[in-house]
Amino acid sequence: MNGVASNIGAAVIRDLDGTELQSKVAVVTGGSGGLGAAICQRLAQAGASVVVGYNSSKQPAEELAEQLPVVASHGADPHCALAAPVTDSAAMKVLAEQVSERYGRCDILVNCAGTTRYCAHDDLDGLDDELLDRILATNVRGPFAATRAFKTLLQNSTGQSGMASLVVNISSIAAITAMGSNVIYCASKAAVDNMTKSLARALAPQIRVVSVSPGLADTDFVKQMDQSWRDEQAERTPLKRLAAPEEVADAVIASAAYLTFTTGNIIAVDGGRPLS
Ligand SMILES: NC(=O)c1ccc[n+]([C@@H]2O[C@H](COP(=O)([O-])OP(=O)(O)OC[C@H]3O[C@@H](n4cnc5c(N)ncnc54)[C@H](OP(=O)(O)O)[C@@H]3O)[C@@H](O)[C@H]2O)c1
């Protein structure tokens, strides 16, 4: 009983054996960020070759790509870091060409890049147009532009493997709770969830599209918020803690490897936060 009780409140990260996503190629935008790095790590452990997409963090992305696990089923030099500035649609097309040349396929696109800045919801002047446009361009136009750039490659990979390829949009429970770093950030994630459904319908049957919707996860993205606010969020979460980045990553692994009849769904990883 004590053993069971002592596990409550801790994240449980299971072993992967490298067969789950063997021979798959995954591209992760925002790949060296807090959640992105955990997603890249778990995809590599599951056997996928991983492209760590970066915007400003070229060196951290290259270091991460070097350090990602190489499992038995991988060929030599399976991972790499490539520029993936999601607000530059032309650059995203170049990225898709680079991935096509290097790997000849893309099975999984994870749209993880995102931006925000804390601004109280009643401080309408604090949310100036520059910030507002940057959030929408990165969080909404970005995943659309990435999906548009990779559509053909994802469709072709489905033809090669016989299994629908996958787009995962990293959303947020802010989309449904309207609680988050600022009003437009919440709206941007609601737009992402809506886009997930439209694209899932439009791109089926070759491409599945899901949102993975985290509650607060323990990353730098959240560490910029007030400590007292973070503590309060953990306290208000039925599971009484923030998510470990690996728990969010495992929703991506589950979507790719196991939830093969799931598309257009919003997969919450939130400790039950919207319940309270
Ligand atoms: N952490 C949480 O609690 C939480 C909760 C819900 C949802 N989310 C979502 O999870 C995603 C990742 O968040 P995180 O916590 O990992 O944040 P993070 O550590 O701040 O990482 C943000 C990532 O986004 C990338 N990025 C920002 N602007 C970009 C642009 N214009 N083009 C391409 N990449 C860009 C950054 O790349 P560079 O460093 O290369 O510039 C960085 O890798 C975001 O979409 C966020 O909204 C996070």
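Attention here is on the structure that accompanies the text. (Residues numbered from 1 in each chain as written. Predicted model: local features only at pLDDT ≥ 70, side-chain atom pairs only at ≥ 80, totals over all residues. Heavy atoms only, no water.)

Brief notes about the site of the ligand
As a structural note, the neighbourhood of the ligand is formed by 28 residues, with Leu35, Ser56, Ser57, Tyr185 and Ala217 the closest of them. Taking Lys189, its side chain carries an N or O atom lying 2.9 Å from an oxygen atom of the ligand. Taking Thr219, its side chain carries an N or O atom lying 2.8 Å from a nitrogen atom of the ligand. Protein contacts shield 89% of the accessible area of the ligand, which totals 890 Å² for the unbound molecule. Mapped onto the shell around the ligand, the elements with two or more residues apiece are helix 2 (34-45), helix 7 (183-203) and helix 8 (220-223). When its residues are assigned to classes, the shell around the ligand shows 14 nonpolar, 13 polar and one charged. (Near = heavy atom within 4 Å. Polar contact = N/O pair within 3.5 Å; in protein donor to acceptor, adjacent residues only side chain to side chain. Areas by Shrake-Rupley, 256 points an atom, 1.4 Å probe, with all protein chains shown as cover. Helix = DSSP H or I, 4+ residues; strand = E, 2+ residues; numbered from the N terminus. Nonpolar A, V, L, I, M, F, W, Y, C, P; charged D, E, K, R; others polar.)

Overview of the packing of helix 5 (residues 129-161) against helix 7
Angle between the axes and distance between the axes: these two values describe a pair of packed helices. Where helix 5 contacts helix 7, the two axes come as close as 9 Å, and the packing angle between them is 15°. As judged from the angle between their axes, helix 5 and helix 7 are roughly parallel. For the crossing formed where helix 5 meets helix 7, the hand is right-handed. Residue-level contacts link Leu132, Ile135, Leu136, Asn139, Val140, Pro143, Phe144, Thr147 and Lys151 of helix 5 to Ile184, Tyr185, Ser188, Lys189, Ala191, Val192, Met195, Leu199 and Leu203 of helix 7. Residue classes in the contact of helix 5 with helix 7 are distributed as 13 nonpolar, three polar and two charged. (Axes fitted to C-alpha atoms, helices over the stretch in contact; angles between N-to-C directions. Parallel < 35°, antiparallel > 145°, perpendicular 65-115°, else oblique. Left-handed = near helix turned anticlockwise from the far one by under 90°. Contact = heavy atoms within 4.5 Å.)

What about the nonpolar core?
Core analysis: the biggest nonpolar cluster contains 38 residues, and Leu21, Ile39, Leu43, Val52, Val110 and Ile170 have the highest contact counts within it. The greatest single-element share of this core, amounting to seven residues, is contributed by helix 10 (residues 245-257). Ignoring sequence-local partners within four residues, the contact set of Ile170 consists of Leu35, Ile39, Val110, Asn111, Cys112, Lys189, Val212, Pro214 and Val252. By size, the runner-up hydrophobic cluster in this structure holds 27 residues, among which are Leu82, Met92, Leu95 and Ala96. (Core = buried A, V, L, I, M, F, W, Y, C linked by side-chain atoms within 4.5 Å. Buried < 20%, exposed > 50% of the residue type's maximum accessible area, 1.4 Å probe, protein only.)

Observations regarding the sheet that holds strand 1 (residues 25-29)
Picture the strands of a sheet paired through backbone hydrogen bonds; they go either parallel or antiparallel. Reading across from one edge, 3-2-1-4-5-6-7 is the order of the seven strands in this open sheet, with parallel pairing throughout. Bordering the open sheet on either side are strand 3 (80-83) and strand 7 (266-269), each of which pairs with just one other strand. Going from strand to strand, the sheet's axes swing by 20° on average, the running direction of each strand aside. Bridge count for strand 6 (residues 207-214) against strand 7 is four bridges, and the pairing is parallel. By the bridge assignment, Ser211 is partnered in strand 7 with Ile266. The strands that helix 4 (residues 89-103) touches are strand 1, strand 2 (49-54) and strand 3; relative to strand 3, the one it contacts most, it runs at about 155°. Sitting on the sheet, helix 5 is in contact with strand 1, strand 4 (108-111), strand 5 (165-170) and strand 6, with an inclination near 170° to strand 4. (Pairing = 2+ DSSP bridges.)

Things to note about helix 4
Taking 1.5 Å of rise per residue, 15 residues should cover 21 Å, and helix 4 covers 21 Å from first to last C-alpha, within 8% of that figure. Ala91, Met92, Leu95, Ala96, Val99 and Tyr103 are the residues of helix 4 that are buried. Down the axis of helix 4, the buried set is contained in an arc of 150°. They therefore lie on one face. In helix 4, the exposed residues that point more than 90 degrees away from the buried face are Ala90 and Glu101. Residues of helix 4 that are buried in the fold lie against strand 1, strand 2, strand 3 and helix 5. Among the residues trailing helix 4, Gly104 stands out with phi positive, at a value near 75°. (Expected span 1.5 Å × (residues − 1). Arc of directions from axis to C-beta.)

As for unusual backbone geometry
Between Ala204 and Pro205 the backbone carries a cis peptide bond, its omega angle lying at 5°. For Pro205, the location among the structural elements is in the loop between helix 7 and strand 6. In this structure, Asp77 takes a positive phi of about 55° despite not being glycine. Even without a glycine there, the phi angle at Ala178 is positive, about 55°. Within the secondary structure layout, Ala178 lies in the loop between helix 6 (174-177) and helix 7. Residue class for Ala178 comes out partly exposed when judged on its relative accessible area of 47%.

Some thoughts on the environment of Val51
Mapped onto the elements, Val51 comes out in strand 2. Once the C-alpha coordinates of Val51 and Val28 are considered, the two residues, 23 residues apart in sequence, prove to be 6.2 Å apart. The residues contacting Val51, other than those within four sequence positions of it, are Ala26, Val27, Val28, Cys80, Leu82, Val99 and Tyr103.

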